[in-house]
Amino acid sequence: MERLSGAAIRDAQGGRVRAGPRDGKEWEARLKEEYLALIAYQKYNKEAGNEWFTIESNPTGTQWTGKVWTYHEQRRYEFDLEFDLPVAYPGTPPELALPELDGKTEKMYRGGKICLDAHFRPLWARNTPHFGIAHAMALGMGPWLAVEIPSLVALGRIKHAEDA
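The sections below set out a description of the structure shown in this document. It should be emphasised that the depicted structure is a prediction, and the values quoted were computed from it without experimental measurement. (Residues numbered from 1 in each chain as written. Predicted model: local features only at pLDDT ≥ 70, side-chain atom pairs only at ≥ 80, totals over all residues. Heavy atoms only, no water.)

### Quick notes on the packing of helix α2 (residues 25–47) against helix α4 (residues 133–154)
- Interaxial distance between α2 and α4 falls to 7 Å at its minimum, and their mutual angle equals 40°. Between α2 and α4, the interaxial angle falls into the category oblique. Side by side, α2 and α4 meet where E34, A37, L38 and Y41 of the first sit next to I133, A134 and A138 of the second.
- A breakdown of the residues in the contact of α2 with α4 according to their chemical character gives six nonpolar, no polar and one charged. (Axes fitted to C-alpha atoms, helices over the stretch in contact; angles between N-to-C directions. Helix = DSSP H or I, 4+ residues; strand = E, 2+ residues; numbered from the N terminus. Parallel < 35°, antiparallel > 145°, perpendicular 65-115°, else oblique. Contact = heavy atoms within 4.5 Å. Nonpolar A, V, L, I, M, F, W, Y, C, P; charged D, E, K, R; others polar.)

### Focus: the packing of aromatic side chains
- Applying the stated criterion across every chain yields a total of eight aromatic pairs.
- With a centroid separation of 6.0 Å and 75° between ring planes, the pair formed by W124 and F131 is classed as edge-to-face. In terms of burial, W124 and F131 fall into one category: buried.
- Aromatic rings pair up to connect W27, Y89, F120, W124 and F131 into one cluster.
- Geometry around W69 places R76 over its ring, the cationic atom sitting 4.1 Å from the centre. (Phe/Tyr/Trp six-rings, centres within 6.5 Å; stacked < 30°, edge-to-face > 60°. Buried < 20%, exposed > 50% of the residue type's maximum accessible area, 1.4 Å probe, protein only. Lys NZ or Arg CZ within 6 Å of the ring centre and 35° of its normal.)

### Observations concerning the layout of surface pockets
- Estimates place the volume of the largest pocket at around 240 Å³.
- If you go around the largest pocket, you meet 13 residues; those closest to its centre are C115, L116, H119, P143 and W144.
- It is α4 that contributes the most residues to the lining of the largest pocket, six residues altogether.
- The residue inventory of the lining of the largest pocket, partitioned by class, reads eight nonpolar, two polar and three charged. (1 Å grid on protein atoms, 1.4 Å probe; cavity = no way out; pocket = protein on both sides within 12 Å on 5 of 7 lines; lining within 4 Å. Points joined across faces, edges and corners; volume = space filled by probe spheres on them.)

### A word on the nonpolar core
- Ranked by internal contacts, the top residues of the largest apolar core, which has 37 residues, are V68, L98, M141 and I149.
- Among the secondary structure elements, those contributing two or more residues to this core are α2, β2 (63–72), β3 (75–84), α3 (120–126) and α4.
- It is α4 that provides the largest number of residues to this core, a total of eleven residues.
- Those residues in contact with L98 that lie beyond four places of it in its chain are V68, F79, D80, L81, M108, G112, I114, M141, W144 and L145. (Core = buried A, V, L, I, M, F, W, Y, C linked by side-chain atoms within 4.5 Å.)

See below:
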């Protein structure tokens, strides 16, 4: 299942405003960019028949929740998604969490935060402030799900809802 292409990332443009949640009016401009990038990425996914997440934020754009899903052996595995934007955002990427998978894989931190340190953080650092939430989903969460969920199923650490 293809989650990402150069076109999807290009269309998700990203931020030009270097502002975080504490930056008042500048943050409002950045948040608008975040929403536009997410809308573009979701539109691309929908047109490609590849929707794989829903997401929404609180009114200030500092806390985000949603659902992510992936298919493995023709079965859909769906998980709750949550994250808060760090104070240093956009200089620091968000820590994406799937709480119900907490403790089920070594590639996860306490609270169900997925491990993105080795591969994603350097990429984020090179692309600040252009990368945003859409990029975290496309280049962080998407690949993580594609690799980890089949592994967790094979190891018997998660079961499909119909088998539970």
